[in-house]
Amino acid sequence: MSRPPVDLHTHSTASDGGLSPTELVQAAAARGVRCLALTDHDTCAGVAEARAAAQEAGIQLVSGIELSSVWEGRGVHVVGLDIDIDHPAIKDAEAHQRTAREIRAEEIAVRLEKRGAAGVMPLARKHAGPALVGRPHFARALVELGVVESEGEAFKRYLGAGKVGDIRAHWPEMATVIRWIKDGGGIAVLAHPGKYDLSWTKLRRLVSEFVTAGGEAIEVSYGGENPERIRELGRMANKQQLLASVGSDYHRPEYHWTDLGKFPPLPEPVTGVWERWI
Ligand code: MN
Ligand code: MN
Ligand code: MN
């Protein structure tokens, strides 16, 4: 097994990505992606546009979303694939997450202002455009204000896990977001399991609770992950009888460490969730 011509985790300007849904689809098609999932943070607002563009480009489009949640107090992301974006459960999810994001953004702004970032909120809103304000928008605002020199530094000092701007209080429990996805006809996928800074023991527990709650797949390969961990995640998927998913977690062209359709190759034979679409 190596690398299937799919990308099941991507972002557009509907959340914190740099390309419009149409541009994203065209760029993916140009890179040889045959099946693309648009998985914006907590919204399906870009899916209809992406679907039309995919039809035009002759590639498969999977309706998706990436929902923020908490598990044992930690932030955990769950991707929903092949959801019915008009289903009431998905509408509920979007409405809940919108409110959570708005409250969170205001709280992050207050905290950052206390640390010298006066006027950060209007700048973050400007970067978000019509999308909901997220941490990457704050990161760009902090660079613009001269509080930090790079977005990387913004996350390291202010916005990353455990820092002042990392507010998880308003996210629903992991089991709740899995339920929304399943009720909405989709497949719940545990996103980037290696990025939660958990021991293997704790990650195994997370995965087993994810399965108990109705989760059906985990990402085994994604942008920026190392081969050793990918091998282990492949084994974990097989052992738990979970489908495997893959994706770049693409955000924008400037993020040179990842590109559409790019993720480390799969060393283990796994059952790919993409097999139902290509
Ligand atoms: Mn993002
Ligand atoms: Mn994520
Ligand atoms: Mn993502």
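Just so it is clear, the model here is predicted, and its values are computed rather than measured.

Caption draft 1: A look at the side chain of His192. Mapping His192 onto the fold places it in the loop between β5 (187-190) and α8 (200-212). Each residue touching His192, except ones within four places of it in the same chain, is listed here: His9, Glu66, His77, Glu219, Tyr222 and Asp249.

Caption draft 2: Fine view of the coordination of the manganese ion (ligand 3). The protein atoms donating to the manganese ion (ligand 3) are His9 (NE2), His11 (NE2), Glu66 (OE) and Asp249 (OD), with metal-donor distances spanning 2.1 to 2.2 Å. Within one chain, the residues donating to the manganese ion (ligand 3) are spaced in sequence as H-x1-H-x54-E-x182-D. The two metals, the manganese ion (ligand 3) and the manganese ion (ligand 1), are separated by 4.8 Å. Of the two residues, His11 sits in the loop between β1 (6-7) and α1 (21-30) while Glu66 sits in strand β3 (residues 60-71), which places them 55 residues apart along the sequence. No difference in accessibility class separates His11 from Glu66, as the two residues are buried.

Caption draft 3: Molecular detail of the coordination of the manganese ion (ligand 2). Surrounding the manganese ion (ligand 2) are the protein donor atoms Glu66 (OE), His77 (ND1) and His192 (NE2), at 2.1 to 2.2 Å. In terms of primary sequence, the donors binding the manganese ion (ligand 2) are separated according to E-x10-H-x114-H. Here the manganese ion (ligand 2) and the manganese ion (ligand 1) are spaced 5.9 Å apart. Here Glu66 is found in strand β3, whereas its partner His77 is found in strand β4 (residues 74-81), with 11 residues between them in sequence. For the pair formed by Glu66 and His77, the shared burial category is buried.

Caption draft 4: Examining the sheet that holds strand β2 (residues 35-38) more closely. The strand order across the open sheet built from seven strands is β1-β2-β3-β4-β5-β6-β7, with neighbouring strands paired in mixed fashion. What marks the edges here is a single partner per strand, and that holds for β1 and β7 (243-247). Bridge analysis of strand β6 (residues 217-222) against β7 gives five bridges, and the strand direction is parallel. Note that in β7 the partner of Ile218 across the bridge is Ala244. Packed on one face of the sheet, helix α2 (residues 47-57) meets β2 and β3 and runs near 150° to β3.

Caption draft 5: How the structure looks around the pairing of β4. A large share of β4 lies buried, amounting to six of its eight residues. The sheet contact formed by β3 and β4 spans eight bridges and is antiparallel. Opposite Ser69, over in β4, you have Val76 as the bridge partner. Linkage of β3 to β4, two consecutive antiparallel strands, is achieved through a turn of two residues, within which Glu72 is found at a positive phi near 50°.

Caption draft 6: Spotlight on unusual backbone geometry. For Gln241, which is not a glycine, the phi torsion comes out positive at approximately 55°. Within the secondary structure, Gln241 is located in the loop between α9 (227-239) and β7. Classification of Gln241 as exposed rests on a relative accessible area of 74%. If you check the backbone angles, Asp249 has positive phi at about 60° while not being a glycine. Structurally, the position occupied by Asp249 is in the segment after β7.

Caption draft 7: Geometry of the pairing of β3. For β3, the tally of buried residues reaches 11 of 12 residues, placing the bulk of the element in the interior. Of the pairings in the sheet, the one linking β2 to β3 comprises four bridges and is parallel in character. Within β3, the position partnered with Cys35 by the bridge is Gln60.

Caption draft 8: Geometry of the pattern of salt bridges. Counted by the stated rule, this structure contains 18 salt bridges. One salt bridge connects Glu225 with Arg229, and the closest N-O pair in it is separated by 3.1 Å. Residue classification places Glu225 among the buried positions, given a relative accessible area of 9%. Two residues, Glu268 and Arg235, come together in a salt bridge whose shortest N-O distance is 3.9 Å. Taken together, the positions of Glu268 in the segment after β7 and Arg235 in helix α9 put the pair 33 residues apart, joining distant regions of the chain. Through salt bridges with shared partners, a single network forms among Glu72, Lys202, Arg205 and Glu209.

Basis of the calculations
Residues numbered from 1 in each chain as written. Chains lettered and ligands numbered in written order. Predicted model: local features only at pLDDT ≥ 70, side-chain atom pairs only at ≥ 80, totals over all residues. Heavy atoms only, no water. Helix = DSSP H or I, 4+ residues; strand = E, 2+ residues; numbered from the N terminus. Contact = heavy atoms within 4.5 Å. Donors = N, O, S within 2.8 Å, 3.2 Å for Na, K, Ca; no water. Buried < 20%, exposed > 50% of the residue type's maximum accessible area, 1.4 Å probe, protein only. Pairing = 2+ DSSP bridges. Axes fitted to C-alpha atoms, helices over the stretch in contact; angles between N-to-C directions. Salt bridge = Lys/Arg side-chain N within 4 Å of Asp/Glu carboxyl O.

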